[in-house]
Amino acid sequence: MVGATGNVGTSVMQALESEPSVTSIVGVARRMPDWRTGKTEWRTADVYRSDLTEIFAGAEAVVHLAWLFQPTHDPVTTWNSNVIGSVRVFTAAVRAGVSTLVHSSSVGAYSPGPKDRPVDESWPTHGWPNAAYSREKAYVERVLDAYEREHPGIRVVRMRPGFIFKQEAATEQRRLFAGPFLPQRLVRSNLIPFVPDMPGLRFQALHSADAGEAFRLALMKPVAGPINIAADPVIDPAVLAEVLGARRVPVPPALVRTAVAAGWHLRLIPASPGLVEMALQIPIMDVTRAREELGWRPRHSGTDALRAVIEGMREGAGMETPPLAPDKGPAGRLKEVLTGVGKRP
């Protein structure tokens, strides 16, 4: 499992711990975690530089979850890790004789689409060009198109989840998207005055534990191809206002983009304005295939997942892995500032 110490990786590993047919898991990450599970042995590797073939030797399946969100100011670094790194993972899987490859794609790979009706997995995956994350996810989809043609003996599954949240990933997501200047004490419903009511602000979410179960099912069942996963309800300004106990205020999308762009250029926030644009453009996904072919039923609603990450940010929650390390208070925030907001962690 490549990228085993992050938000999704830890949940997939927990799901596989209870799977009797899985006898051994090799967790691969750039940095060794303190967190351990019973069936797992750990290997450190960088997908852009390390020899992955030797690590994959003897594995029946490879799950590729590794993805670098930062530094958004250095798209060459993210391209090398995410695109070239993915190509190296896929190539190593062939050389190691792996029979199954499960890749974590994203709703962000989809081309702009409708917000008033769901689209299935046949919707084009050309991404949103202004966001590096979306460009890279879409490019890897094209890589997999060629990979499937060249290696028909390998079962390839492309999981396309919505926004994935859990309480233990809250500090990581705060670091990646909001940055060090978001005070913990302000992340509570009674202190958030309003939510922006913008056209296009409709997205899908799911709890990381449910994502982990979907990946487990994709490994165990004889499925192939793309599979959308997301939980109900669709998150829109009305749902956000209810979850946060705030009122809705109409806000032009251009104003939000300008504010995010200013914060990003000033290195006050790590999230790029392209991510805001992407969120307003991505379609609503149909998850029928996950229900019918995987038998997947999320145990948590999208609002449950959203509440979990909000509560986690308020508490500074985390896990004992380098990506999910809990909030270390003022000293940790100061280190984020001194090392550069939005730099590679």
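Only a predicted model underlies this, so the values are computations on that prediction, with no experimental measurement involved.

1. Considerations on the packing of helix α7 (residues 237-244) against helix α11 (residues 302-315)
Okay, so step 1: Where α7 meets α11, the closest approach of the two axes is 11 Å, and the angle between their N-to-C directions is 50°. By the angle between their directions, the pair α7 and α11 is classed as oblique. Our pair here, α7 against α11, has a crossing hand that is right-handed. Of the residues in α11, those in contact with Val239, Leu240, Val243 and Leu244 of α7 are Thr303, Leu306, Arg307 and Ile310.
Okay, so step 2: Counted by class, the contact of α7 with α11 contains six nonpolar, one polar and one charged residues.

2. Notes on α7
The periodicity of an α-helix, 3.6 residues per turn, causes residues three or four positions apart to be oriented the same way.
Okay, so step 1: Extensive coverage of α7 is indicated by the burial of six of its eight residues.
Okay, so step 2: The complete set of buried residues in α7 reads Pro237, Val239, Leu240, Ala241, Val243 and Leu244.
Okay, so step 3: Those residues of α7 that are buried lie in contact with β8 (194-197), β11 (231-235), β12 (247-250) and α11.
Okay, so step 4: A positive phi of about 65° marks glycine 245, the residue just after α7.

3. Observations concerning the side chain of glutamate 172
Okay, so step 1: By the element assignment, glutamate 172 lies in helix α5 (residues 170-178).
Okay, so step 2: In this structure glutamate 172 is buried but unpaired, with arginine 175 as the nearest side chain of opposite charge at 6.2 Å.
Okay, so step 3: Leave out the neighbours within four places in its chain, and glutamate 172 touches Asn7, Pro323 and Leu324.

Rules used throughout
- Residues numbered from 1 in each chain as written.
- Predicted model: local features only at pLDDT ≥ 70, side-chain atom pairs only at ≥ 80, totals over all residues.
- Heavy atoms only, no water.
- Axes fitted to C-alpha atoms, helices over the stretch in contact; angles between N-to-C directions.
- Helix = DSSP H or I, 4+ residues; strand = E, 2+ residues; numbered from the N terminus.
- Parallel < 35°, antiparallel > 145°, perpendicular 65-115°, else oblique.
- Left-handed = near helix turned anticlockwise from the far one by under 90°.
- Contact = heavy atoms within 4.5 Å.
- Nonpolar A, V, L, I, M, F, W, Y, C, P; charged D, E, K, R; others polar.
- Buried < 20%, exposed > 50% of the residue type's maximum accessible area, 1.4 Å probe, protein only.
- Lys, Arg positive; Asp, Glu negative; His and termini not counted.
- Salt bridge = Lys/Arg side-chain N within 4 Å of Asp/Glu carboxyl O.

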